[in-house]
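Residue strings, one per chain:
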Amino acid sequence: MKLSAKHLISINDLTKKDIELIFKTADKLYRRKLSALRQKTLAMIFEKSSTRTRISFEVAMTQLGGHALDLTTTKLQASRGEAVKDTAAVVSRYVDGIMARLYSHEHLLEMARHSSVPVINGLTDFLHPCQALADLYTIKKKKGLKNVKLVYIGDANNNVCHSLMHCCHKLDVNMAVCCPKKYLPDEQIMKNTHNSIKITDSISEALKDADVVYTDTWVSMGQEKEAKKKIADLKPYQVNSKLMHLAKSDAIFMHCLPAHRGQEVTDKVIDSEKSVVYDQAENRLHVQKAILYLLMKK
Ligand code: CP
Ligand code: NVA
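Below is a summary of the structure that appears in this document. (Residues numbered from 1 in each chain as written. Chains lettered and ligands numbered in written order. Predicted model: local features only at pLDDT ≥ 70, side-chain atom pairs only at ≥ 80, totals over all residues. Heavy atoms only, no water.)

This paragraph deals with the sheet that holds strand S5 (residues 149-153). The pairing of strands in a sheet happens through backbone hydrogen bonds and is either parallel or antiparallel. Here we have five strands laid out as an open sheet, ordered S7-S6-S5-S8-S9, and parallel in their pairing. In this open sheet, the two strands that pair with only one neighbour each are strand S7 (198-200) and strand S9 (252-255). Ignoring strand direction, the axes of neighbouring strands in this sheet form an average angle of 20 degrees. Summarising the sheet, S5 and strand S8 (residues 212-215) pair through three bridges and their orientation is parallel. When the bridges of S8 are listed, tyrosine 152 appears paired with tyrosine 214. Docked against the sheet, helix H12 (residues 277-296) engages S8 and S9, running at close to 50 degrees with respect to S9. (Pairing = 2+ DSSP bridges. Helix = DSSP H or I, 4+ residues; strand = E, 2+ residues; numbered from the N terminus. Axes fitted to C-alpha atoms, helices over the stretch in contact; angles between N-to-C directions. Contact = heavy atoms within 4.5 Å.)

By secondary structure assignment, the location of serine 115 is in the loop between helix H4 (105-114) and strand S4 (119-121). Given the relative accessible area of 6%, serine 115 is considered buried. Among all residues touching serine 115, those that are not within four sequence positions of it are Lys6, His7, Ala88, Ser92 and Ile98. (Buried < 20%, exposed > 50% of the residue type's maximum accessible area, 1.4 Å probe, protein only.)

What follows deals with the side chain of threonine 124. The topology assignment puts threonine 124 in the loop between S4 and helix H5 (129-143). Taking relative accessible area as the criterion, threonine 124 reaches 0% and is therefore assigned buried. When sequence neighbours within four positions are dropped, the list of residues in contact with threonine 124 reads Lys48, Leu102, Tyr103, Ser104, His105, Leu108 and Asn159.

In this structure, the largest pocket spans a volume of roughly 460 Å³. If you go around the largest pocket, you meet 30 residues; those closest to its centre are Leu123, Asn159, Thr217, Ser220 and Met221. When residues in the lining of the largest pocket are grouped by element, the largest group, three residues, is from helix H6 (residues 159-171). Roughly 190 Å³ of volume is contained in the second largest pocket. Lining the second largest pocket, in full, are Lys16, Glu20, Phe23, Lys24, Asp27, Lys140, Leu145, Lys146, Leu171 and Asp172. In terms of residue count, helix H1 (residues 16-29) provides more of the lining of the second largest pocket than any other element does, five residues in total. Among the residues making up the lining of the second largest pocket, the classes are represented as three nonpolar, no polar and seven charged. (1 Å grid on protein atoms, 1.4 Å probe; cavity = no way out; pocket = protein on both sides within 12 Å on 5 of 7 lines; lining within 4 Å. Points joined across faces, edges and corners; volume = space filled by probe spheres on them. Nonpolar A, V, L, I, M, F, W, Y, C, P; charged D, E, K, R; others polar.)

Just geometry here; none of it tells us what the structure is for.
Encoded structure:
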């Protein structure tokens, strides 16, 4: 049992079968501790902050019998200008897998080209595949994936939205994106998903019959300079109780976290019974265990 790709850089590189295999493996490994990756090491390279990704990957390696190295780039020679190519080639001589969270998606692709071991995307400015896989796994558990409608609302030129679009397209899940025209998803993602995902700036149209309402921060890491403008532009798209009422009465609320309470979502919604954000965060661990197992087990 293997994935068809050596690396996990984008869900666009996976097949529907790959995703189903990840979910099946996650079920199999759920809350189990085993020695499948005994003596194996994962290098975790972080250029940006992280709570969930950092902890869930490290715990996943521990539960699989291996070890994870928490490497922040400020501690690496990369921070003094060592080329991505050299870092990738050297690190991959020591370890069995690399998980990297970088600003530039191009740098991650370069890392994968020069690494002799699997490289996993732990978020770039462009994509966040591990998040979207955990999210669809969560929806599968809560609602099933048949006849479910997921609505992503807010800043759609966003790594999480892009990977959700890839994942829904691959799994034939009905998804709509609701955003102002200025914050549309990247053209490349529209092409990858063959325009199969409805994009609208109308909140009532998007939310009609929604089973899942999903949002992410309006100011992603690295966009701090644009914060004021984005917060003003996106204000009408805040997920509040009034907006949740436009979805189905049993709709759930999702957010990859960290949330900026009072901006993209109100306390009332994120703390409500509809909110599944902590289950979603927990599922990062279960799904990433499956990813590590499938990519790193001999
Ligand atoms: N959702 C997510 O990736 O969280 P962290 O930034 O805390 O890793
Ligand atoms: N879009 C957010 C996701 C954080 C997990 C960011 O890139 O900051």
